[in-house]
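# Survey of secondary and tertiary structure
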Amino acid sequence: MTHPFLDLAPLGADHFAAIEDRVARLLSTEQDVVIMQGEALLPLEGAIRATAGPGTTALNVITGPYGQTFGDWLRDCGATVVDLAVPFHTAVTAEQIRQAFAEHPEIDFVSLVHAEAATGNTNPVAEIGEVARAHGALFYLDAVASIGAEPVLTDAWGVDLCVIGAQKAMGGPAGVSAVSVSERAWARMAANPRAPRRSYLSLLDWKERWIDGGRKALPHAPAQLEMLALEACVERIEAAGLDAVMARHASAAAATRAGAVALGGGLEPYVYEARDAAPVATTLRAPSGVVASELVAKALTSDPAVPVAAGGGALAKEMIRVNHYGADATPGAVRASLAALGGALSEQGLRVDVEGALRAVEETWR
């Protein structure tokens, strides 16, 4: 018995390389791009362990939980870590980066998350990249949540290591991910005696066994179905136009924010300024006296399909997240999310204006 997902010819090196090239165009980069055979945590950790060591002084920007994780990895590598933490309701600024360099001129590595889907903020990477480049620091960027939702201009921004995953705004698979690597980053890895080798985390293995060989022979059997799904998702973005896909996410964010304000009931945007809010997800602060996770549970009872979740960890008490990315970056998903939250707030005895919220969505969507 045949099956369309199982009875496939093997994915060859030429096909694999062609998918990498399409991802490189999506990243606006001429750098090497490696598609790694695992979720984005694989290249995120692999890139840090390849480039950081006891001689590294890293500026680790924390605007959400992933920044905290990167700091843990850097310390585990033996790096000296300078944490720059800002409140999760805002974004870091280039001036704060510049000040950190002035206080710690020995910094030679910067780790930053572009958009934090978990906290709903986004950081001004273009301005930060300019400051990092002037200082000469290697620039590592987590663009997993931002790619497809807002511009990611790897080369123009001076990003040395840019990691993406397809499972959010791209609307693709979670089982493969990618990282672009600059010549400076490759040189840093080659000079690092602690860089992973003969390891699933190793980027240098991919360089030596794949890139340096002209991408003619794959180092191991690829995750074929995930690679084909990645190709299909990039094709869909190319067909729609990246600008149109990003505009859809920007509209979803603006409409969700406006609709939440119009809904009332004490619900308000978690990220104070709209300019700091990520297009991939909108976070909302629960009303005083209401536990966010309980409110989300009630909303999901009325409509289990809405892309609404509570914040993670300690944020579960106060934060609600509307995940309007990928297939959910639509007016219908935004309307349904606000209607479900409105119903849950009403059950709590709070006064809401669901019709007003839905009108705000329609008026704001562009």
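Described in the following lines is the structure provided in the data block. (Residues numbered from 1 in each chain as written. Predicted model: local features only at pLDDT ≥ 70, side-chain atom pairs only at ≥ 80, totals over all residues. Heavy atoms only, no water.)

A few words on the pattern of salt bridges. Under the counting rule described, the total for this entry stands at 17 salt bridges. A salt bridge links Arg 75 to Asp 83, with the nearest nitrogen and oxygen atoms 2.5 Å apart. Classification of Asp 83 as partly exposed rests on a relative accessible area of 35%. With a closest N to O distance of 2.5 Å, Glu 208 and Arg 197 form a salt bridge. A residue pair is termed long-range when its members are at least 10 positions apart, and Glu 208 in helix α7 (residues 203-211) and Arg 197 in the loop between α6 (183-190) and α7 qualify at 11 residues. Residue Glu 208 is classed as partly exposed on the basis of its relative accessible area of 44%. Here the residues in one salt-bridge network are Arg 22, Glu 231, Glu 235 and Glu 238, joined through shared partners. (Salt bridge = Lys/Arg side-chain N within 4 Å of Asp/Glu carboxyl O. Buried < 20%, exposed > 50% of the residue type's maximum accessible area, 1.4 Å probe, protein only. Helix = DSSP H or I, 4+ residues; strand = E, 2+ residues; numbered from the N terminus.)

Moving on, we get to the environment of Asp 21. Counting through the fold element by element, Asp 21 comes out in helix α1 (residues 13-26). Judged by its relative accessible area of 33%, Asp 21 falls in the partly exposed class. Residues Asp 21 and Ile 35, 14 residues apart in the sequence, show an inter-C-alpha distance of 10.0 Å.

All right, on to the sheet that holds strand β11 (residues 282-285) then. Here we have 4 strands laid out as an open sheet, ordered β10-β11-β13-β12, and antiparallel in their pairing. In this open sheet, the two strands that pair with only one neighbour each are β10 (268-269) and β12 (308-310). Judged from the 4 bridges that link them, β11 and strand β13 (residues 319-322) form a sheet pairing that is antiparallel. Within the sheet, the bridge partner assigned to Arg 285 lies in β13 and is Met 319. Contacts from helix α9 (residues 242-263) reach β10, β11 and β13 within the one sheet, and its direction differs from that of β11 by about 15°. (Pairing = 2+ DSSP bridges. Contact = heavy atoms within 4.5 Å. Axes fitted to C-alpha atoms, helices over the stretch in contact; angles between N-to-C directions.)

Let us now look at the packing of aromatic side chains. Inspection of every chain in the model, using the stated rule, returns 5 aromatic pairs. For the pair Phe 16 and Trp 210, a centre-to-centre distance of 5.4 Å together with 80° between the ring planes defines the contact as edge-to-face. Of this pair, Phe 16 sits in helix α1 while Trp 210 is found in helix α7, placing the two residues 194 residues apart along the sequence. Residue classification places Phe 16 among the buried positions, given a relative accessible area of 0%. On the basis of an interplanar angle of 90° and a centroid distance of 5.3 Å, the ring pair of Phe 70 and Tyr 140 is categorised as edge-to-face. With Phe 70 in helix α3 (residues 65-76) and Tyr 140 in strand β7 (residues 138-142), this pair connects stretches of sequence that are 70 residues apart. For the pair shown, Phe 70 and Tyr 140 are each scored as buried. If you follow Lys 207 out to its NZ or CZ, it ends over the ring of Trp 186, 5.6 Å from the centre. (Phe/Tyr/Trp six-rings, centres within 6.5 Å; stacked < 30°, edge-to-face > 60°. Lys NZ or Arg CZ within 6 Å of the ring centre and 35° of its normal.)

Another aspect to go through is helix α10 (residues 292-302). The complete set of buried residues in α10 reads Ala 292, Leu 295, Val 296 and Ala 299. For α10, the angular spread of the buried residues around the axis is 100°, confining them to a single face. Next to the buried residues of α10 lie β12, β13 and α11 (331-347). (Arc of directions from axis to C-beta.)

With 4 of 5 residues buried, strand β1 (residues 32-36) is to be regarded as a mostly interior element. Relative to strand β9 (residues 177-181), β1 runs antiparallel, the two sharing 5 bridges. Within the sheet, the bridge partner assigned to Asp 32 lies in β9 and is Val 181.

Together, Phe 5, Leu 6, Leu 8 and Leu 225 line one region of the surface with nonpolar side chains, adding up to about 410 Å² of accessible area. With respect to the element layout, Leu 6 can be found in the segment before α1. Judged by its relative accessible area of 65%, Leu 6 is exposed. (Patch = residues over 30% accessible without salt bridge, like charges linked within 9 Å, V, L, I, M, F, W, Y side chains within 5 Å. Areas by Shrake-Rupley, 256 points an atom, 1.4 Å probe, with all protein chains shown as cover.)

Evaluation of the coordinates by the stated rule reveals 2 cavities of 30 Å³ or more. One number sums up the size of the largest cavity: a volume of about 40 Å³. Around the largest cavity sit Val 23, Ile 164, Gly 165, Ala 166, Val 176, Ser 177, Ala 178 and Leu 230, which together line it. When residues of the lining of the largest cavity are traced back to their parent elements, those giving at least two are β8 (161-165) and β9. Here the lining of the largest cavity is built from residues that sort into 6 nonpolar, 2 polar and no charged. When its volume is computed, the second largest cavity comes out at roughly 30 Å³. Taken together, the residues of the lining of the second largest cavity sort by class into 4 nonpolar, 3 polar and 1 charged. (1 Å grid on protein atoms, 1.4 Å probe; cavity = no way out; pocket = protein on both sides within 12 Å on 5 of 7 lines; lining within 4 Å. Points joined across faces, edges and corners; volume = space filled by probe spheres on them. Nonpolar A, V, L, I, M, F, W, Y, C, P; charged D, E, K, R; others polar.)

All quantities given are derived from atomic positions and should not be read as evidence of function.
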